[in-house]
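In case you want the letters, here they are:
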Amino acid sequence: MKTNLLIFIFFSIMNLQTMSNTPKPFPNVTIIGSGYVGLVAACCLAKLKKQVCCADIDKDKIDKLKNKICPFYEPGLEELLGNAIDEKSIEFTSNIEIAIEEASIIFIAVNTPTLENGDADITAVKAVAKTIAKHLNTYKIICLKSTVPIGTHKIVEEIINKEKISDVTFDIVSIPEFLREGSAIYDFINPNRIVIGAKSKEVFDTVKSLFDNVNVKSENIIFTNNLVAETIKYVANSFLALKVSFANEISNFCDELGIDTIAVMYAVGKDERIGSQFLNPGPGFGGSCFPKDVKALKKMMEDAGVDPKLISNILSVNEAQKHIVVKRLCTLIGNDIKNKNIAVLGLAFKANTDDIREAPALTIIKELKSLGANIRAYDPKANSNMKREIPDITYCDSLNTAIEKADAILVLTEWQEFKNLDLSAIKNSVNQKIILDTRNIINSVRAIEHGFIYDAIGKNFLLRNSK
Ligand code: NAD
Ligand code: UGA
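Rules used throughout
- Residues numbered from 1 in each chain as written.
- Chains lettered and ligands numbered in written order.
- Predicted model: local features only at pLDDT ≥ 70, side-chain atom pairs only at ≥ 80, totals over all residues.
- Heavy atoms only, no water.
- Helix = DSSP H or I, 4+ residues; strand = E, 2+ residues; numbered from the N terminus.
- Buried < 20%, exposed > 50% of the residue type's maximum accessible area, 1.4 Å probe, protein only.
- Contact = heavy atoms within 4.5 Å.
- Areas by Shrake-Rupley, 256 points an atom, 1.4 Å probe, with all protein chains shown as cover.
- Core = buried A, V, L, I, M, F, W, Y, C linked by side-chain atoms within 4.5 Å.
- Expected span 1.5 Å × (residues − 1).
- Arc of directions from axis to C-beta.
- Near = heavy atom within 4 Å.
- Polar contact = N/O pair within 3.5 Å; in protein donor to acceptor, adjacent residues only side chain to side chain.
- Domains from an automatic or database assignment.
- Pairing = 2+ DSSP bridges.
- Right-handed = clockwise from strand over helix to strand, strands pointing away.
- Phe/Tyr/Trp six-rings, centres within 6.5 Å; stacked < 30°, edge-to-face > 60°.
- Lys NZ or Arg CZ within 6 Å of the ring centre and 35° of its normal.
- Axes fitted to C-alpha atoms, helices over the stretch in contact; angles between N-to-C directions.
- Patch = residues over 30% accessible without salt bridge, like charges linked within 9 Å, V, L, I, M, F, W, Y side chains within 5 Å.
- Salt bridge = Lys/Arg side-chain N within 4 Å of Asp/Glu carboxyl O.
- Buried area = accessible area lost by both parts, 1.4 Å probe.

A. Just the overall build of the protein chain, in detail. For the protein chain, the count of helices and strands is 20 helices and 14 strands. With the C-alpha coordinates aligned to their principal axes, the bounding extent of the protein chain is approximately 100 × 60 × 45 Å. Buried positions account for 52% of the 467 residues belonging to the protein chain. Within the protein chain, contacts between residues separated by at least 24 positions form 72% of all contacts whose residues are at least 6 apart in sequence. Of the accessible surface of the protein chain, which amounts to about 22300 Å², a share of 54% is contributed by carbon and sulfur atoms.

B. Quick peek at the nonpolar core. Grouped together as the largest cluster of nonpolar side chains are 48 residues, with contacts concentrated most on I31, F107 and F211. A total of nine residues in this core trace back to one element, the largest contributor, which is helix 2 (residues 36–47). Contacts of I31, omitting those with residues within four sequence positions, involve G38, A41, A42, L45, V52, C53, C54, A55, F107 and A109. I337, I364, A382 and L410 belong to the second-largest nonpolar core, a separate cluster that totals 33 residues.

C. Spatial organisation of helix 6 (residues 123–134). Under the 1.5 Å per step criterion, the end-to-end length of helix 6 is 17 Å for twelve residues, consistent within 8% with the ideal 16 Å. Of the positions making up helix 6, those classed as buried are V125, V128, A129, I132 and A133. Down the axis of helix 6, the sector holding all buried residues measures 145 degrees, keeping them to one side. Here the buried face of helix 6 lies against strand 1 (29–32), helix 5 (96–101), strand 4 (105–108), strand 5 (140–144) and helix 7 (152–163).

D. Representation of the site of ligand 2. Surrounding ligand 2, one finds 19 residues, the nearest of these being F178, L179, K233, C289 and R439. G286 places a main-chain nitrogen or oxygen 2.9 Å from an oxygen atom of ligand 2. F349 has a polar backbone atom sitting 3.0 Å from an oxygen atom of ligand 2. Protein chains bury 91% of the 700 Å² of accessible surface belonging to ligand 2 in isolation. Counting residues per element, the shell around ligand 2 draws most heavily on helix 10 (residues 226–257), at four residues. Counting contributing residues, the shell around ligand 2 receives three or more from each of domain 1 (2–224) and domain 2 (243–466).

E. Inspection of the pairing of strand 13 (residues 434–437) at higher detail. Of the two faces of strand 13, the one holding I434 and L436 and the one holding I435 and D437 are both buried throughout. Where strand 12 (residues 408–411) lies against strand 13, three bridges are found, and the strand directions are parallel. Following the sheet pairing, V411 is matched in strand 13 by D437. Where strand 13 lies against strand 14 (residues 453–456), four bridges are found, and the strand directions are parallel. Opposite D437, over in strand 14, you have A456 as the bridge partner. Following the chain from strand 13 across helix 19 (residues 444–449) to the adjacent parallel strand 14, one finds a crossover that is right-handed.

F. Quick peek at the packing of aromatic side chains. Considering all chains together, one arrives at six aromatic pairs under this definition. The interplanar angle of 25 degrees and the centroid separation of 4.0 Å between the aromatic rings of Y36 and F72 together place this pair among those described as stacked. With a gap of 36 residues between them, Y36 in helix 2 and F72 in the loop between helix 3 (59–66) and helix 4 (77–86) connect regions that are remote in the sequence. Both residues of the pair, Y36 and F72, count as buried. Relative to F418, the ring of Y378 lies with its centre 6.1 Å away and its plane at 65 degrees, an arrangement referred to as edge-to-face. Here Y378, found in strand 10 (residues 374–378), pairs with F418, found in helix 17 (residues 416–419); they are 40 residues apart in sequence, far enough to count as distant. One cation-aromatic arrangement involves R193 over F178; the distance from NZ or CZ to the ring centre is 3.7 Å.

G. Representation of the sheet that holds strand 10 in the model. Read across the open sheet, the six strands follow the order 11-10-9-12-13-14; overall the sheet is parallel. In this open sheet, the two strands that pair with only one neighbour each are strand 11 (394–395) and strand 14. Inspection of the sheet shows strand 9 (residues 341–345) paired to strand 12 by four bridges, in the parallel sense. When the sheet's bridge partners are listed, I342 is paired in strand 12 with A408. The strands that helix 14 (residues 360–370) touches are strand 9, strand 10 and strand 12; relative to strand 10, the one it contacts most, it runs at about 155 degrees.

H. Quick look at a nonpolar patch on the surface. A contiguous nonpolar surface patch, about 270 Å² in accessible area, is contributed by F253, L257 and I259. Relative to the helices and strands, F253 resides in helix 10.

I. Spatial organisation of the environment of G305. Of note, G305 is situated in the loop between helix 12 (290–303) and helix 13 (309–333). In this structure the C-alpha to C-alpha distance between G305 and I57, which are 248 residues apart in sequence, comes to 37 Å.

J. Examining the domain arrangement of the protein chain more closely. Domain annotation of the protein chain identifies domain 1 (2–224) and domain 2 (243–466). The gap between the C-alpha centroids of domain 1 and domain 2 is 37 Å. Listed by partner, the interface residues are 17 residues for domain 1 and 17 residues for domain 2. When the two sides are added together, the surface that domain 1 and domain 2 hide from each other amounts to roughly 1400 Å², 53% of it contributed by carbon and sulfur. Along the contact surface separating domain 1 from domain 2 lie two salt bridges. Between D119 and K299 there is a salt bridge whose closest N-O contact spans 3.3 Å. At the junction of domain 1 with domain 2, the criterion picks out seven residue pairs in polar contact (both at pLDDT 80 or more).

Rendered as structure tokens:
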């Protein structure tokens, strides 16, 4: 009897110790919107040992995700998705109501596209807010991860207060996302900062604890208010876009004088106050965010009665850049581009993504088509997305097919495959040996050695060689 009691006490103590060592179960996280941002956040949080539910109104997308199929190309994401499903740390649903009820932290990561007047369209954010209100069964923290116009957290708060069916309380946190497509997983796990806009330190701490295993210095987890957090996102994207437009405008100037912009920017960027990133000239910036967010900031400034002189010009310089590319190509080809075969290498707005939203290729191809050129396009990942937007050009399933009988090769995206272009092999399959490299990725010395007329944005080779 005495022995039994001792055994009971021993196991009770062990059990208590085990219990106190067991981390508190983490609150369930639901992410609403399983696009680039929502899915990356969900898979990365699952990798960081959080229990995540990913919800979306798009049933086809959810079905694909349940079957471990990533609906878009992002390096490493499909593998992360498969692992998270195998480990049962992630689930997918189109039943948004239940996903809300079961969560204690909700991320809103739905799309916020541009309206005709430049404003960001927050219809989807408002719709989600209404659904949350109707299913607010317990206290929840609602995190706005979508990029939303400054003040949106107030609108979401008002909607939930107006529509909610109980006295249950909630908090709204503004937590903008800074990941880049193509390196989204790396950026999520190794962010240079995390911005958390919250009303109280307690709420900030709860949200911060979600990122415990993320590789970020604690001083770079920034506690601020919602308004500042919302503003940071627009200012950051607009500043990066400003750098790109600046580099493009300088490259146009340097190209007129035959000066190597890349060499200029290399030395300019060595000044730590300036920094070397986002100073590469190119065909203009694209993507789902720079154009949209700069337009939205411009509109918000106008609404506030502030003349957005500089911000407006970020956009006009960017638009002009795409036409400059067409003009440069026409000049190279001898101005008569009608019926000429143009091999367009790269359709995505940048490398390592299949995203063509606002890609410079959209404008450039349409303009070349209107001039009568025959387009033979190739992108390692974005052919099918572009085909939906521009169906009536020739899509090639390899680089070699695209350049067959080309009168000029136009490089628009900096894919690794294009950097390794085998110039000695391709020179025999083209009609005319002309290359316009808008990304400065092809070895110019070798191109010229192989008899190509080679030109690049930011390196006006023709002018430099004629001087
Ligand atoms: P996306 O279009 O890839 O995905 C949005 C998803 O939300 C879609 O799957 C859509 O079906 C879903 N959705 C729309 N309405 C919904 C609703 N009512 N309920 C549930 N799901 C709904 O968009 P994205 O690129 O992931 O961008 C999302 C937000 O994040 C945007 O505000 C964007 O500006 C911002 N952002 C994007 C990036 C990026 O690299 N793409 C980076 C930082 C911030
Ligand atoms: C950008 C920001 O870098 C992210 O921090 C932000 O989270 C994201 O927008 C967003 O809000 O969606 P992303 O659009 O994925 O990320 O791509 P970037 O690498 O920033 O490139 C944007 C565009 O600028 C691309 O078209 C790229 O080719 C162009 N670019 C970039 C240049 O032309 N030159 C450069 O030197 C850098």
